[in-house]
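# Geometric and topological summary
What follows is the residue order along each chain.
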There are 2 protein chains.
Amino acid sequence: MRQAGRYLPEYLQTRSRAASFLDLCFTPGLAAEVTLQPVRRFDFDAAILFSDILVVPHALGRSVRFIEGEGPQLDPIGREVGLLDASRVSERLRPVFETVRIVRSELAAEKALIGFCGAPWTVATYMIAGRGSSDQLAARRFALERPTEMEKLIGVLTEVSAEYLVGQLKAGADAVKIFDSWAGVLDDEGFRALAIEPVRRIIEKVRAVLPSAPVIAFPRGAGARLGEYAEAVKADAIAVDWTTPMATARNLISVPTALQGNLDPLRLRIGGRALDDGVDEILSAMVGCAHIFNLGHGISPDTPVEHVAHLVQRVRSRDR
Amino acid sequence: MRQAGRYLPEYLQTRSRAASFLDLCFTPGLAAEVTLQPVRRFDFDAAILFSDILVVPHALGRSVRFIEGEGPQLDPIGREVGLLDASRVSERLRPVFETVRIVRSELAAEKALIGFCGAPWTVATYMIAGRGSSDQLAARRFALERPTEMEKLIGVLTEVSAEYLVGQLKAGADAVKIFDSWAGVLDDEGFRALAIEPVRRIIEKVRAVLPSAPVIAFPRGAGARLGEYAEAVKADAIAVDWTTPMATARNLISVPTALQGNLDPLRLRIGGRALDDGVDEILSAMVGCAHIFNLGHGISPDTPVEHVAHLVQRVRSRDR
């Protein structure tokens with residue numbers, strides 16, 4: 001999940017220097033600065049590249065706007081799926097690679113830098129609906145009613161995402177993460193075709209170029225399907241959202257993989273016992289298992305910074 | 001799930017005779033009519049009582065309004081949790097019991113009548129937020145910040161819901177179903193305290209009065225937690241939403257229970273191969289297991305009625 005954000009005063013200050021959110025993502029000096037700020041303040045073990053999953057449709061030539069307080073807006077894609085031009089993607093994403101280079105050079109050697117992209121299904125939901133939604137009805141309908149166009153769209157996004165992750169890794173990212181925020185709304189057939197298969201192929205393509213690059217996959221809402229997912233995509237780590245207990249995730253996944261997760265961001269926002277109980281339960285469940293402590297979803301903008309500092313301190317002290 | 005609804009012309013006609021949606025739920029002649037209409041048209045094996053989960057807060061004296069096209073609106077509850085008066089609930093819900101009596105007397109003997117209530121957590125989310133939401137942040141926050149008031153609210157709803165289900169069963173319902181539409185947003189601790197425990201207690205209370213009454217529990221979004229849930233609540237059947245494959249649900253649940261589910265309503269709306277493939281996959285997965293075929297969530301208002309007729313025909317022909 002993003003470490004930077006509106007809960008940090010230094011983020012707001014840097015943000016005000018960019019004309020738009022996309023501008024912030026595409027200005028290496030500013031994006032590198034907001035990537036580094038949370039690590040400086042909280043001494044996290046890893047930095048998360050500051051960017052957005054929608055830089056990929058932008059690089060494919062689609063219009064992407066971030067409207068303050070309304071979330072992203074795109075021109076919904078239709079028949080023009082066949083016209084998507086992937087040839088300039090790497091060139092258009094060069095500022096992101098430059099951000100990675102700057103961050104890696106400024107980050108302490110013992111800190112990891114994690115790059116990322118959106119999974120093809122999740123990126124497609126925004127491209128099809130033109131905005132976020134909670135049930136992804138437009139994209140699910142598109143998949144069932146226009147299967148050929150959906151396959152084409154997912155195919156392009158799979159190619160481009162693999163290329164994008166390889167670019168980040170070559171620029172210095174120590175690991176990459178694939179976010180499938182909307183994997184959970186798919187039914188059985190959809191989950192296999194649209195969530196599992198494209199991510200499996202991305203990981204395969206990345207490994208064909210960089211065999212030892214660590215890849216984390218985050219199928220949000222996969223729930224009972226975590227085992228099938230982990231077995232198929234062969235990621236080095238699986239990230240778990242807060243609605244599947246870590247102990248349950250351990251039981252469901254039979255292939256060797258690290259697990260990342262999964263504090264409910266609401267507990268971090270509220271603090272006190274709600275926070276401590278949540279942290280302790282996760283750490284207890286993960287004893288003896290390769291574990292990257294993380295939130296189970298994005299941080300709330302109104303999270304007090306002291307809660308984040310307290311979280312790091314508690315995880316570190318219990319960890320010993 | 002509701003069988004009646006805006007996709008049926010006869011429903012729209014009866015609906016127009018009630019001043020409001022709540023009026024329709026509380027006028028036994030009209031509510032019985034819309035309960036029976038889908039069974040007459042499609043020859044379903046069971047009728048689903050036409051009502052709403054929010055009749056319970058209404059019976060507790062809370063203001064509940066259904067605004068056309070906007071969903072339900074309630075006065076968000078706060079400190080007055082302690083003042084909730086459960087003493088008049090059965091009296092206020094008497095029209096629902098009367099509806100059950102009428103439907104049972106008009107329904108063919110071989111058809112079952114299924115009554116229902118909302119699970120305490122799901123009803124509480126509406127009472128706390130005053131409306132529906134997709135993340136239930138207000139209720140989740142209330143649970144963590146005001147645990148004593150939450151416990152009181154869940155306690156009242158648990159008592160009242162058990163009483164309500166007993167009333168429906170005594171009036172002639174052949175089975176009852178407990179809908180926990182928002183179970184899936186809870187983290188581990190919340191799921192156990194707010195989704196599992198109240199439903200376990202309702203079923204225990206219903207059985208204390210009517211030991212052989214069949215109870216179905218529907219923890220939407222439970223995903224990987226279906227096994228733990230089924231083991232704890234001891235329902236006669238567990239309903240599964242469309243995001244957990246039926247085969248996976250079978251594997252997760254180790255206690256003997258029937259399963260209900262779980263066609264994605266979108267497949268019913270689209271029809272054709274999307275519908276047939278979905279139906280066939282579910283039926284194949286459920287061979288040799290006690291199974292109630294059902295949608296995995298509510299029917300879309302724009303579902304063509306011929307698709308529903310086709311679904312029934314396909315399930316029946318494959319079933320033999």
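These notes cover the structure that comes with them. (Residues numbered from 1 in each chain as written. Chains lettered and ligands numbered in written order. Predicted model: local features only at pLDDT ≥ 70, side-chain atom pairs only at ≥ 80, totals over all residues. Heavy atoms only, no water.)

## Brief notes about the overall build of chain A
For chain A, the helix and strand inventory stands at 15 helices and nine strands. Taken against the 2.2 N^0.38 rule, which gives 20 Å for 320 residues, the C-alpha radius of gyration of chain A at 19 Å falls within 12% of a compact globule. Summarising its shape, the C-alpha atoms of chain A cover approximately 55 × 45 × 40 Å along the three principal directions. Among the 320 residues that make up chain A, the fraction classed as buried is 61%. Within chain A, counting contacts between residues at least 6 apart in sequence, those at least 24 apart form 70% of the total. (Helix = DSSP H or I, 4+ residues; strand = E, 2+ residues; numbered from the N terminus. Rg over C-alpha atoms; globule rule 2.2 N^0.38 Å. Buried < 20%, exposed > 50% of the residue type's maximum accessible area, 1.4 Å probe, protein only. Contact = heavy atoms within 4.5 Å.)

## With respect to the interface of chain B and chain A
Taken together, the contact between chain B and chain A spans 31 residues of the former and 31 residues of the latter. Summing both partners gives a buried area of about 2,900 Å² for chain B against chain A, and 54% of it is carried by carbon and sulfur. Counting across the chain B and chain A interface gives twelve residue pairs in polar contact (both at pLDDT 80 or more). Sorting the residues of the side of chain B that touches chain A by element identifies helix H8 (137–145), helix H10 (188–209), helix H12 (246–252), helix H13 (265–270) and helix H14 (272–285) of chain B as the ones contributing at least two each. (Buried area = accessible area lost by both parts, 1.4 Å probe. Polar contact = N/O pair within 3.5 Å; in protein donor to acceptor, adjacent residues only side chain to side chain.)

## Some thoughts on helix H10 (residues 188–209) of chain A
The terminal C-alpha atoms of H10(A) lie 31 Å apart, and with 22 residues this matches the ideal 32 Å at 1.5 Å per residue to within 8%. Looking at H10(A), one finds that the buried residues are A:Asp188, A:Gly190, A:Phe191, A:Leu194, A:Ala195, A:Ile196, A:Pro198, A:Val199, A:Ile202, A:Ile203 and A:Val206. (Expected span 1.5 Å × (residues − 1).)

## Describing the packing of aromatic side chains
Centre distance and the angle of the planes are the two values used to describe a pair of aromatic rings. Applying the stated rule across the entire model yields 18 aromatic pairs over all chains. Centroid distance B:Phe21 to B:Phe66: 4.7 Å. Interplanar angle 55 degrees. Geometry classified as tilted. A residue pair is termed long-range when its members are at least 10 positions apart, and B:Phe21 in helix H2 (residues 21–26) and B:Phe66 in strand E2 (residues 64–67) qualify at 45 residues. Residue classification places B:Phe21 among the buried residues on the basis of a relative accessible area of 13%. Judged by relative accessible area, B:Phe66 falls into the partly exposed class, the value being 24%. A cation sits over an aromatic face here: A:Lys177 above A:Phe218, 5.2 Å from the ring centre. Across the ring face of B:Trp182, the terminal group of B:Arg220 is positioned such that the distance to the ring centre comes to 4.9 Å. (Phe/Tyr/Trp six-rings, centres within 6.5 Å; stacked < 30°, edge-to-face > 60°. Lys NZ or Arg CZ within 6 Å of the ring centre and 35° of its normal.)

## Some details on the relation of the copies chain B and chain A
Least-squares fitting of chain B to chain A yields an RMSD of 0.0 Å, with the superposition described by an axial translation of 0.0 Å and a rotation of 180 degrees. These values place the two chain copies in the arrangement generated by a two-fold rotation axis. Minimal C-alpha separation from the rotation axis in chain B is found for B:Ala224, amounting to 1.9 Å. (Least-squares fit on C-alpha atoms with pLDDT ≥ 70 in both.)

## Thoughts on the sheet that holds strand E7 (residues 237–239) of chain B
All names here are of chain B. The seven strands are arranged E1-E4-E5-E6-E7-E8-E9 in an open sheet whose pairing can be described as parallel. In this open sheet, the two edge strands, each paired with only one partner strand, are strand E1 (46–48) and strand E9 (291–295). Strand-to-strand, the axes of this sheet are offset by a mean angle of 25 degrees, without reference to chain direction. Sheet contacts for H10: strand E5 (175–180) and strand E6 (215–219); angle to E5, the most-contacted strand, approximately 165 degrees. (Pairing = 2+ DSSP bridges. Axes fitted to C-alpha atoms, helices over the stretch in contact; angles between N-to-C directions.)

## Describing the pattern of salt bridges
Within the structure shown, the criterion is met by 60 salt bridges over all chains. Among the salt bridges present, the one from A:Glu204 reaches A:Arg200, with a minimum N-O distance of 3.0 Å. Placement of the pair is A:Glu204 and A:Arg200 together in helix H10, with a separation of four residues, close to one helical turn. In this structure A:Glu204 comes out as partly exposed when scored by relative accessible area, which is 48%. Here A:Arg200 falls in the partly exposed class, since its relative accessible area comes to 24%. Two residues, B:Arg6 and B:Glu68, come together in a salt bridge whose shortest N-O distance is 2.9 Å. Taken together, the residues B:Arg6 in the segment before helix H1 (9–15) and B:Glu68 in the loop between E2 and strand E3 (71–74) connect sequence positions 62 residues apart. Among the residues examined, B:Arg6 registers a relative accessible area of 39% and is labelled partly exposed. Its relative accessible area of 58% is what places B:Glu68 among the exposed residues. Within this structure, A:Asp43, A:Asp45, A:Lys111 and A:Arg316 form a network of salt bridges that share partners. (Salt bridge = Lys/Arg side-chain N within 4 Å of Asp/Glu carboxyl O.)

## Quick word on the sheet that holds strand E9 (residues 291–295) of chain A
Residues and elements named next belong to chain A. Reading across from one edge, E1-E4-E5-E6-E7-E8-E9 is the order of the seven strands in this open sheet, with parallel pairing throughout. Each edge of the open sheet carries a strand with a single partner, namely strand E1 (46–48) and E9. In this sheet, adjacent strand axes meet at a mean angle of 25 degrees when their direction is disregarded. The pairing of strand E7 (residues 237–239) with strand E8 (residues 258–263) spans three bridges and is classified as parallel. Along E8, the bridge assignment pairs Ala237 with Ala258.

## What to know about helix H14 (residues 272–285) of chain A
In this model, H14(A) (14 residues) spans 20 Å end to end at C-alpha, consistent with the 20 Å of a helix rising 1.5 Å per residue. Within H14(A), burial applies to A:Ala274, A:Leu275, A:Asp276, A:Gly278, A:Val279, A:Asp280, A:Ile282 and A:Leu283.

## A few points about the side chain of B:Gln136
Considering the arrangement of structural elements, one finds B:Gln136 in the loop between helix H7 (120–129) and H8. Residue B:Gln136 is classed as buried on the basis of its relative accessible area of 2%.

## Things to note about the packing of helix H7 (residues 120–129) of chain A against helix H9 (residues 147–171) of chain A
Two measures define how a pair of helices packs: the angle their axes make with one another and the distance between the axes. All names here are of chain A. In the contact formed by H7 and H9, the axes pass within 9 Å of each other and the chain directions differ by 120 degrees. As the angle between them shows, H7 and H9 are arranged oblique. You can see that H7 and H9 cross each other, and the crossing is right-handed. On the side of H7, the interface is formed by Pro120, Trp121, Val123, Ala124, Met127 and Ile128, while H9 contributes Met150, Leu153, Ile154, Leu157 and Thr158. (Parallel < 35°, antiparallel > 145°, perpendicular 65-115°, else oblique. Left-handed = near helix turned anticlockwise from the far one by under 90°.)

## Thoughts on unusual backbone geometry
A:Gly261 connects to A:Asn262 through a cis peptide bond whose omega is -15 degrees. Looking at the element boundaries, A:Asn262 is found in strand E8. For B:Asp43, which is not glycine, the phi torsion reads 60 degrees and is therefore positive. In this fold, B:Asp43 is placed in the loop between helix H3 (28–42) and E1.

## Observations regarding the packing of helix H8 (residues 137–145) of chain A against H9(A)
Residues and elements named next belong to chain A. The N-to-C vectors of H8 and H9 enclose an angle of 115 degrees; their axes lie 5 Å apart at closest approach. If you check the angle between H8 and H9, you find them roughly perpendicular. Between H8, through Ala139, Phe142, Ala143, Leu144 and Glu145, and H9, the contact on the second element is made entirely by Pro147, Glu149 and Met150.

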